[in-house]
Amino acid sequence: MNPTQPKTKLVGVYAMANGIVCSVHLGENQRTVVVKHKLPNGQTMFTSYKHLKEVYVSNGQQVDQNTKLARLFTPQESKKYGGDYHHLHLEIRKKFDDYGCASWLTFNNTQLNERFYNPQVFIKEHIK
């Protein structure tokens, strides 16, 4: 998700739903926050927010839709790393067995479907 015309210079990232922060990775240009959620049917799922400039939460913290997890890079800050980091990489996961690393780049379709929800389908079905 790339906010091409953000309303403010600093774009905040908020949790999609109630949950508990279960992983924070603070690699300089790859900061990531993962939140564990319970679906109404009792299943566990995870949301992973990547390419964050500043992180405001910690492991074990309870969050909801009003909790600012982090903020995105500004286009200017992104230039320092020679890449396009001023966007949000959002994953909606069924499993968190690879600890959120970029192993998805090597997965085949079966492995992807075992671990990830299609975000467009998931949001249509679960987010009101």
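Residues numbered from 1 in each chain as written. Predicted model: local features only at pLDDT ≥ 70, side-chain atom pairs only at ≥ 80, totals over all residues. Heavy atoms only, no water.

What follows concerns the overall build of the protein chain. Each helix and strand in the protein chain was counted, giving 3 helices and 7 strands. Across the protein chain, helices and strands are ordered from the amino to the carboxyl terminus as β-β-β-β-β-β-α-β-α-α. In the protein chain, which comprises 128 residues, the share counted as buried stands at 38%. Of the contacts made within the protein chain by residues no fewer than 6 positions apart, 54% connect residues no fewer than 24 positions apart. For the protein chain, the exposed surface amounts to about 7,900 Å²; the carbon and sulfur share of it is 51%. (Helix = DSSP H or I, 4+ residues; strand = E, 2+ residues; numbered from the N terminus. Buried < 20%, exposed > 50% of the residue type's maximum accessible area, 1.4 Å probe, protein only. Contact = heavy atoms within 4.5 Å. Areas by Shrake-Rupley, 256 points an atom, 1.4 Å probe, with all protein chains shown as cover.)

Scanning the entire structure with this criterion turns up 2 aromatic pairs. Between Tyr117 and Phe122, the aromatic rings sit 4.8 Å apart at their centres with planes inclined by 50°, giving tilted as the arrangement. On the basis of relative accessibility, which here comes to 4%, the residue Phe122 falls in the buried class. The cationic tip of Lys94 hangs over the ring face of Tyr117; the distance from NZ or CZ to the ring centre is 5.3 Å. When the ring centre of Phe107 is taken as origin, the NZ or CZ atom of Arg115, which lies over that ring, is 4.5 Å away. (Phe/Tyr/Trp six-rings, centres within 6.5 Å; stacked < 30°, edge-to-face > 60°. Lys NZ or Arg CZ within 6 Å of the ring centre and 35° of its normal.)

The residue His51 is not glycine, and still its phi comes out positive at about 70°. With respect to the helices, strands and loops of the structure, His51 is situated in strand E4 (residues 44-55). Look at His51 and you get buried, because its relative accessible area is 11%.

Here we come to the nonpolar core. Across soluble globular proteins, nonpolar side chains show a tendency to be buried alongside one another. Counting residues in each nonpolar core, the largest one holds 15 residues, and the members touching the most others are Val33, Val35, Tyr49, Leu52, Val63, Leu69 and Leu88. The greatest single-element share of this core, amounting to 3 residues, is contributed by strand E6 (residues 68-72). With sequence-adjacent residues up to four places away left out, Val33 is seen in contact with Val21, Ser23, Thr47, Ser48, Tyr49, Leu52, Val55, Val57 and Leu69. (Core = buried A, V, L, I, M, F, W, Y, C linked by side-chain atoms within 4.5 Å.)

With that out of the way, let us pick up the confidence of the model for the protein chain. Residue-level pLDDT values for the protein chain average 85, and 88% of them are 70 or greater. Mean pLDDT across the elements of the protein chain ranges from a minimum in helix H1 (residues 75-79), with 82, to a maximum in strand E5 (residues 62-63), with 98. (pLDDT = per-residue confidence, 0-100.)

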